[in-house]
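So you can see what is in the structure, the chains are spelled out below.
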Amino acid sequence: MKRAYTNGILLDGTEQMQPAAHKILLTEDDKIIAIVDEGVDLDGYEVIDLHGGYLCPGLINLHVHLAGNGKPSAKPRDNAALVRKILSNGLTRAVAYRLVCSYAKLELLGGVTTIRTVGGIADFDTRCRDDAAAGRLLAPRILAANEGISVPGGHMAGSVAVAAHNNAEALAQLKKASGQKVDLVKLMITGGVLDATEKGTPGELKMKPEMVKAVCDEAHKLGYTVAAHTESPEGVKVALENGVDSIEHGAKMDDETIRLYKERGAFVCTTISPALPYALFDTAVSGASEKDQYNGKIVFDGVVESAKTALANGIPVGLGNDVGCPYITQYDFWRELCYFHKYCGVSNQFALYTATLRNAQLAGVGDVTGSIEPGKSADFIVTKHNPLEDLRALQHLELVVCRGHVIKKAEPQAEQNGGCPAGPVPRIILKKQGETIGLSLLFRSHACHHGHDALPALVAGSGHSGAAACGCRAGRDRIHGGHRHRRMEEYGCITGQPLGGKAGCLRVGLQGAALGTGQMIRQPVEDG
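Model, not experiment: these values are computed from the prediction.

Undergrad: Looking at this structure, how should I read the packing of aromatic side chains?
TA: Tallying each qualifying case throughout the model produces six aromatic pairs. Ring centres of Y339 and Y343 lie 6.2 Å apart, and the angle between their planes is 55 degrees; on these two criteria the pair is classed as tilted. Placement of both Y339 and Y343 in helix α11 (residues 334–344) is noted, with a separation of four residues, approximately one turn of the helix. In terms of burial, Y339 and Y343 fall into one category: buried. For the pair F340 and F350, a centre-to-centre distance of 6.3 Å together with 35 degrees between the ring planes defines the contact as tilted.

Spelled out as structure tokens, the structure:
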């Protein structure tokens, strides 16, 4: 398919980008083939009028966890126990994988055309990557790490990372990840804000230096780069001294740390978003404890100072938003650019460059995407207003194009109401009926105009009991428990059982709902 994007103003994504008017962007299939002046013959092209909008490269998010949606919890969750339940049988695995894919789609609808995942459930991230690349689902380009490597009691151990008791177990997990064809390796070297047990201890060193070195050495032999969760000066030094390629989050630097960054050729992936609600907002809003607020401020200051020091000393800086943390959603990456501008003092131009071409280069795909130039992938977004004047323009998208696939008027909020493309985002609903929690798969009774079937959602409250699992596609009949269902929200019933009991082949407790409510989450964070 040959397309011509006309009547737009181009921002090419380079560090010195300036608006370029009176240009036409030509694409063929998934590639940009030319940028030409207005007035050329467009015979044979599908013409897409941008109506004076600003076309820039699709955003690139370097720090994503596809297993979460950012919905905060009123009380602590046992994520490791939840993941064990999710992986306990084929049905819950299938539902969870659908949710992961729907979260990837939200990234795309929010203008992010490439993501780098740094910790996930089982092999879901690489599966989602491959399904998206094959055109089986709508999602960004994905660079996937699958499960990270942590230690017992370490950051995210048992949920999106495997707890390795020794070097042999860590290397065994690396071998497993290599078999899953990951794109990078993730280590959890220090703790974080929410797993700190005392005030003043976020970023406590958890992984021994010899384990860091063993994994980095073997990963490099296999051709992988290694990213590491590090939120303390000590953790950053241990990571850099033992071969890590990218510091995720970061901490305040001294002269020795600066030297280590430069000797190693490493970069820092700045993530301002996750600590901000804990550090800057009243606990009545964020729900943080006094301990978490205190530790959040330490981490927030460390991340910001790390980025500032890196920029001042020629150390490469990338951007990610640690999506999946409380209040950090899959559709609000544009906020990270605003924070980078506000708290690190960079220009709007430099923030947009960092989130596009610079991120692509740091992720190793700078020759594939990240800028508007012939030969690169057709990955771009269109905004009504100029993001160089106000980065909040990136919140409202007129168009998203990823690998040549055109998504018009891509507003994530529309997805929640059964919008296009590819059906509604799954959601989880809980409804108590007496002492019984019914668990069902819900297929909404419509398919979108692109012809995709609606995605399933995990639903509680059907009230049926003793029934075998069944399902349907939108608007079709099926028999269940001796009677026929038709239309009306279209339930595929599993069964109703007391909480904690078996529901057909589905074994889920109430906390299972924590994985994937599809509702939109409004962050208590400032836009300025």
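Undergrad: In this structure, what is going on with the sheet that holds strand β8 (residues 141–143)? I would like to understand it.
TA: Strands pair in a sheet through their backbones, by hydrogen bonds, and they do so in one of two ways: parallel or antiparallel. One open sheet accounts for three strands, arranged β6-β7-β8; its pairing is parallel. Among the strands making up the open sheet, the edge pair consists of β6 (59–64) and β8. Averaged over all adjacent pairs, the angle separating strand axes in this sheet is 20 degrees, with direction ignored. In this sheet, β8 lies alongside strand β7 (residues 112–117) in parallel orientation, the contact comprising three bridges. Directly across from R116, in β8, lies its bridge partner L143. Packed on one face of the sheet, helix α2 (residues 90–109) meets β6 and β7 and runs near 135 degrees to β7.

Undergrad: What exactly am I supposed to notice about the nonpolar core here?
TA: Side chains of nonpolar character tend, in soluble globular proteins, to be buried together. Counting 106 residues, the largest nonpolar core has L187, V244 and L337 as the members making the most contacts within it. Beyond its immediate chain neighbours, meaning those up to four positions away, V244 contacts L187, I189, V212, C216, V226, A227, A228, A239, R264 and A266.

Undergrad: So what exactly am I meant to see when it comes to the pattern of salt bridges here?
TA: A pair can form between side chains of opposite charge whenever their charged atoms are brought close. Evaluation of the coordinates by the stated rule reveals 21 salt bridges. Close ionic contact of E147 with K176 constitutes a salt bridge, the shortest N to O distance being 3.9 Å. Taken together, the residues E147 in the loop between β8 and β9 (148–150) and K176 in helix α4 (residues 167–179) connect sequence positions 29 residues apart. We note a salt bridge from K199 to E290, for which the minimum N-O separation is 3.4 Å. Taken as a pair, K199 in the loop between β11 (185–188) and α5 (209–221) and E290 in helix α10 (residues 290–312) lie far apart in primary sequence, 91 residues in all. Overall, E290 belongs to the exposed group, its relative accessible area being 59%. It is possible to trace a salt-bridge network through shared partners that takes in R129, D130 and D183.

Each value, and the rule that gives it
- Residues numbered from 1 in each chain as written.
- Predicted model: local features only at pLDDT ≥ 70, side-chain atom pairs only at ≥ 80, totals over all residues.
- Heavy atoms only, no water.
- Phe/Tyr/Trp six-rings, centres within 6.5 Å; stacked < 30°, edge-to-face > 60°.
- Helix = DSSP H or I, 4+ residues; strand = E, 2+ residues; numbered from the N terminus.
- Buried < 20%, exposed > 50% of the residue type's maximum accessible area, 1.4 Å probe, protein only.
- Pairing = 2+ DSSP bridges.
- Axes fitted to C-alpha atoms, helices over the stretch in contact; angles between N-to-C directions.
- Contact = heavy atoms within 4.5 Å.
- Core = buried A, V, L, I, M, F, W, Y, C linked by side-chain atoms within 4.5 Å.
- Salt bridge = Lys/Arg side-chain N within 4 Å of Asp/Glu carboxyl O.

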